[in-house]
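Geometric and topological summary
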Amino acid sequence: MGLNLTKKILQEHLISGEMTPGKEIAIRIDQTLTQDATGTMAYLQFEAMGVPKVRTKLSVSYIDHNTLQTGFENADDHRFLQTMAAKYGVYFSRPGNGICHQVHLERFAVPGLTLLGSDSHTPTAGGVGMIAIGAGGLDVAAAMAGQPFYTRMPRVALVKLTGRLQPWVTAKDIILEVLRILTVKGGVGKIIEYGGDGTATLSAPERATITNMGAELGATTSVFPSDENTRSYLQAEGRENAWTPLAADPDAEYDEVVEIDLDKLEPLIAQPHSPDNVARVKDLEDVNVDQVAIGSCTNSSYRDLMAVAGILRGRSVHPDTSLVISPGSKQVLEMVARNGALVDMIAAGARILESTCGPCIGMGQAPRSEGVSVRTFNRNFPGRSGTANAKVYLSSPEVAAVTAIYGKITDPRVLGDPIAIELPHEYLIDDKLIVPPSPEPENVDIYRGPNIKPLPINEPMPDSLSGKVLLKVGDNITTDHIMPAGAKVLPLRSNIPAISEHVFEGVDATFPSRAKAAGGGFVVGGENYGQGSSREHAALAPMYLGVKGVVVKSFARIHRENLINFGILPLTLVNPDDYEEIDQNDEFQMPDLRNVLMSRQPVLKIVDKTKGVEIEARHDLTERQVEIMLAGGMLNYIKLKSGGRVESRAEV
Ligand code: MIC
Ligand code: SF4
């Protein structure tokens with residue numbers, strides 16, 4: 001049996017372990033990316049590792065999330081990041097240059113290489129055949145310091161595309177269909193590989209829309225073959241040298257196969273409040289819409305904005321609907337400005353925002369109370385838009401643009417003939433907003449504004465753990481629930497004492513004060529706990545508040561890894577029905593925990609003293625992860641291994 005593409009690339013990068021699903025593997029990381037919201041912490045952690053220069057082939061630091069600058073915090077962090085990049089050998093993409101994933105695809109992604117990014121949508125680069133994985137900032141810091149990335153070998157699922165998309169049906173509809181079939185937890189523990197004749201009909205930017213939103217499946221990553229379409233994209237970006245052909249062997253084996261007939265797909269839309277709550281657009285056509293937002297790392301490429309401009313040309317935005325557009329990058333914005341497409345958007349009444357994440361992460365453009373917003377983004381979790389009771393739908397740019405004109409959810413096929421979009425033979429290449437590292441790093445002083453607080457570091461694990469269940473939550477809790485983002489909270493990403501006051505804000509605003517008063521404790525959750533963003537703040541801030549363990553039915557990958565990195569014990573219930581027995585405020589005890597973990601038994605006992613019962617839970621930690629837990633987290637572990645070098649240098 002031949003190899004699938006995933007295994008071929010992983011094999012090339014394998015440092016240790018065997019490629020059997022579920023077994024821990026270590027892979028070499030060629031490239032890293034960070035963005036400002038996770039990057040400040042990642043670079044503080046990198047600095048604490050005491051390495052003079054990054055040891056990757058390429059590392060890029062992007063500023064794209066926190067650009068509102070409503071106070072000094074964001075600008076201070078930008079300066080910190082720019083000086084860190086200059087000193088430690090990292091390329092720096094300045095604010096205005098675009099969203100990290102869009103710019104990385106345009107300027108840096110290379111087929112067959114590995115990329116680790118401190119953002120869950122890093123898999124976007126899988127659109128050109130990279131194995132691109134999202135992780136917590138600490139894992140990315142370790143990769144910059146030359147460490148391999150450890151993960152469990154995922155299973156590999158093939159999504160076999162046949163046929164070709166009909167007019168007005170797009171790449172977004174393909175990934176929404178995959179989400180409809182597999183759900184937001186259907187990709188956990190898997191890499192999704194795309195194949196079949198239908199792949200040849202999709203351009204690299206369309207493929208990137210699909211791999212981007214593979215994050216919403218919970219997948220480790222998603223990857224397309226590298227073929228002639230990949231070559232022409234890289235050539236048009238002036239990077240043909242980066243191209244290599246890559247494909248699965250014809251007789252490759254997969255753990256699972258999903259088939260999608262592109263001919264049969266129709267325009268789709270995800271309804272509130274989950275990306276897998278997918279319906280046909282034509283079944284929702286009576287829904288009035290207050291706001292349409294076009295942009296984000298999923299759908300803001302040149303191709304997408306040309307489709308939008310083509311629809312808006314000579315038409316007007318509905319008087320009851322606001323249309324905002326954020327182009328994905330400076331390249332996209334400059335090209336649509338030069339060819340006049342921007343004028344079509346402005347003339348139709350669109351509000352043009354800068355090339356950043358913007359409304360996708362709640363940095364402005366919150367909808368009205370109970371308002372309906374149709375967005376081309378990838379997440380519609382409750383509250384993420386900035387308005388707790390808004391109803392957010394996710395669609396293609398085509399559906400979004402037509403909806404903005406009609407003021408209600410509208411199937412774009414009403415417009416008749418499709419818009420013809422010609423992909424450029426040459427993209428406009430101007431990297432002036434990408435600053436290379438300094439040739440004289442010894443002369444670069446690191447700038448630290450007052451918002452950068454020392455990195456909290458956990459204590460080694462005590463012999464036993466005990467404490468209260470501080471909070472009990474249900475299924476599919478996102479990291480947006482645990483550690484909200486948005487214009488008020490995001491500026492505090494480098495200030496853990498301040499940001500920890502917002503933990504679980506939308507779920508139970510009393511959580512931080514109760515956790516502190518109780519001297520810490522436990523959180524209990526349902527299925528797929530911690531889905532969504534890679535933000536390690538969803539582990540770091542609870543750790544700061546004293547959370548010692550999280551007991552759930554199942555975890556999302558990145559969040560579980562982040563909990564381990566910060567020394568919070570992740571436990572899954574052996575018998576999911578035990579969830580019903582546990583109540584908030586129950587007293588938990590885990591006696592003799594250090595010994596139990598060291599004994600390599602995967603199952604341990606939680607004594608629920610309040611109920612007088614014992615509950616079985618699995619930790620599923622690898623030997624390496626047991627050592628990390630015992631040390632009180634990854635930084636302490638690295639310190640032990642390196643003879644005590646790690647320190648928190650971010651003193652102010
Ligand atoms: C997101 O889409 O939620 C973010 C903001 O890009 C996050 C990272 C973060 O919280 O900083 C992600 O997806 O990882
Ligand atoms: Fe930015 Fe939104 Fe993409 Fe996250 S999902 S990187 S916030 S555009």
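If you're wondering where the values come from, they're calculated on a predicted model, not measured in any experiment.

Criteria and cut-off values
Residues numbered from 1 in each chain as written. Chains lettered and ligands numbered in written order. Predicted model: local features only at pLDDT ≥ 70, side-chain atom pairs only at ≥ 80, totals over all residues. Heavy atoms only, no water. Buried < 20%, exposed > 50% of the residue type's maximum accessible area, 1.4 Å probe, protein only. Helix = DSSP H or I, 4+ residues; strand = E, 2+ residues; numbered from the N terminus. Contact = heavy atoms within 4.5 Å. 1 Å grid on protein atoms, 1.4 Å probe; cavity = no way out; pocket = protein on both sides within 12 Å on 5 of 7 lines; lining within 4 Å. Points joined across faces, edges and corners; volume = space filled by probe spheres on them. Nonpolar A, V, L, I, M, F, W, Y, C, P; charged D, E, K, R; others polar. Axes fitted to C-alpha atoms, helices over the stretch in contact; angles between N-to-C directions. Parallel < 35°, antiparallel > 145°, perpendicular 65-115°, else oblique. Near = heavy atom within 4 Å. Polar contact = N/O pair within 3.5 Å; in protein donor to acceptor, adjacent residues only side chain to side chain. Areas by Shrake-Rupley, 256 points an atom, 1.4 Å probe, with all protein chains shown as cover. Pairing = 2+ DSSP bridges. Salt bridge = Lys/Arg side-chain N within 4 Å of Asp/Glu carboxyl O. Core = buried A, V, L, I, M, F, W, Y, C linked by side-chain atoms within 4.5 Å. Left-handed = near helix turned anticlockwise from the far one by under 90°.

1. So, helix H22 (residues 634–641)
- Regarding H22, the residues found buried are Met-634, Leu-635, Asn-636, Tyr-637 and Ile-638.
- Those residues of H22 hidden inside the fold are in contact with helix H2 (36–48), helix H5 (137–144), helix H18 (557–565) and helix H21 (623–631).
- In the segment just after H22, Gly-643 is the residue with positive phi, at about 75°.

2. Description of the layout of surface pockets
- Approximately 790 Å³ is the volume found for the largest pocket.
- Lining the largest pocket are 38 residues, and of these Arg-152, Val-188, Phe-555, Arg-557 and Arg-560 lie nearest its centre.
- Secondary structure elements with two or more residues in the lining of the largest pocket: H5, strand S8 (149–152), H18, strand S24 (569–573) and H21.
- Counting residues per element, the lining of the largest pocket draws most heavily on H18, at five residues.
- Along the lines of polarity and charge, the residues of the lining of the largest pocket split into 15 nonpolar, eleven polar and twelve charged.

3. Side note on the packing of H21 against H22
- Between H21 and H22, whose axes approach to 7 Å, the crossing angle comes to 100°. Taken together, H21 and H22 sit at an angle that is classed as roughly perpendicular. Contacts between H21 and H22 involve Arg-624, Glu-627, Ile-628 and Ala-631 from the first element and Met-634, Asn-636, Tyr-637, Leu-640 and Lys-641 from the second.
- Along the lines of polarity and charge, the residues of the contact of H21 with H22 split into five nonpolar, one polar and three charged.

4. Side note on the site of ligand 1
- Taken together, 14 residues lie around ligand 1, and Asp-119, Ser-120, Arg-493, Ser-534 and Arg-535 are the ones closest in.
- Here an oxygen atom of ligand 1 and a side-chain polar atom of Asp-119 are 2.6 Å apart.
- Measuring from an oxygen atom of ligand 1, one finds a backbone N or O atom of Ser-534 at 2.7 Å.
- Within the complex, the protein chains bury 97% of what would otherwise be the 340 Å² of accessible surface of ligand 1.

5. So, the sheet that holds strand S2 (residues 24–27)
- One open sheet holds the three strands; their spatial order is S1-S2-S8, and the pairing between them is antiparallel. Each edge of the open sheet carries a strand with a single partner, namely strand S1 (14–16) and S8. Each strand axis lies, on average, 40° off the axis of its neighbour in the sheet, ignoring direction.
- Bridge count for S2 against S8 is four bridges, and the pairing is antiparallel. Across the sheet, Ala-26 pairs through a bridge with Tyr-150, a residue of S8.

6. Details of the pattern of salt bridges
- Applying the stated criterion across every chain yields a total of 38 salt bridges.
- Here Asp-480 and Arg-384 are joined by a salt bridge, their closest N and O atoms 3.0 Å apart. In this pair, Asp-480 sits in helix H13 (residues 479–482) while Arg-384 sits in the loop between strand S18 (372–375) and strand S19 (391–394), placing the two residues 96 residues apart along the sequence.
- Overall, Asp-480 belongs to the buried group, its relative accessible area being 9%.

7. Remarks on the nonpolar core
- Of all hydrophobic cores here, the largest spans 99 residues; its most connected members are Phe-511, Tyr-529 and Leu-597.
- Among the elements that line this core, the one with the most residues is H5, at six residues.
- With near-sequence residues (within four places) excluded, Phe-511 lies in contact with Leu-470, Leu-471, Val-503, Phe-504, Val-523, Leu-545 and Val-547.
- Counting 62 residues, the second-largest nonpolar core is a separate cluster that includes Met-130, Ala-236, Ala-242 and Tyr-302.

8. Side note on the environment of Gly-532
- Note on placement: Gly-532 falls in the loop between strand S22 (521–524) and helix H17 (537–544).
- With relative accessibility at 19%, the residue Gly-532 sits in the buried group.
- On a C-alpha basis, the gap between Gly-532 and His-559 in space is 8.5 Å, while along the polypeptide they are 27 residues apart.
- Not counting residues within four places of it along the chain, the set of residues in contact with Gly-532 comprises Ser-120, Arg-379, Phe-381 and Thr-479.

9. Let's talk about the site of ligand 2
- Lining the immediate surroundings of ligand 2 are His-65, His-101, Asp-119, His-121, Ser-296, Cys-297, Cys-357, Cys-360, Ile-361, Asn-378 and Arg-384.
- Split by residue class, the shell around ligand 2 holds four nonpolar, five polar and two charged.

10. Description of the sheet that holds strand S21 (residues 465–472)
- With mixed pairing, the seven strands of this closed barrel are ordered in space as S21-S22-S23-S24-S27-S26-S25. Mean inter-strand twist for the sheet, computed between neighbouring axes without regard to direction, equals 40°.
- By the bridge criterion, four bridges tie S21 to strand S25 (residues 587–590) in an arrangement that is antiparallel. Along S25, the bridge assignment pairs Ser-466 with Gln-589.

11. Section: the packing of helix H9 (residues 302–312) against helix H10 (residues 330–338)
- As a packed pair, H9 and H10 sit with axes 9 Å apart at the nearest point and diverge in direction by 35°. Seen from above, H9 lies across H10 with right-handed handedness. Contact residues: H9 offers Tyr-302, Leu-305 and Met-306, while H10 offers Val-332, Met-335 and Val-336.
- Looking at the contact of H9 with H10, its residues break down into six nonpolar, no polar and no charged.

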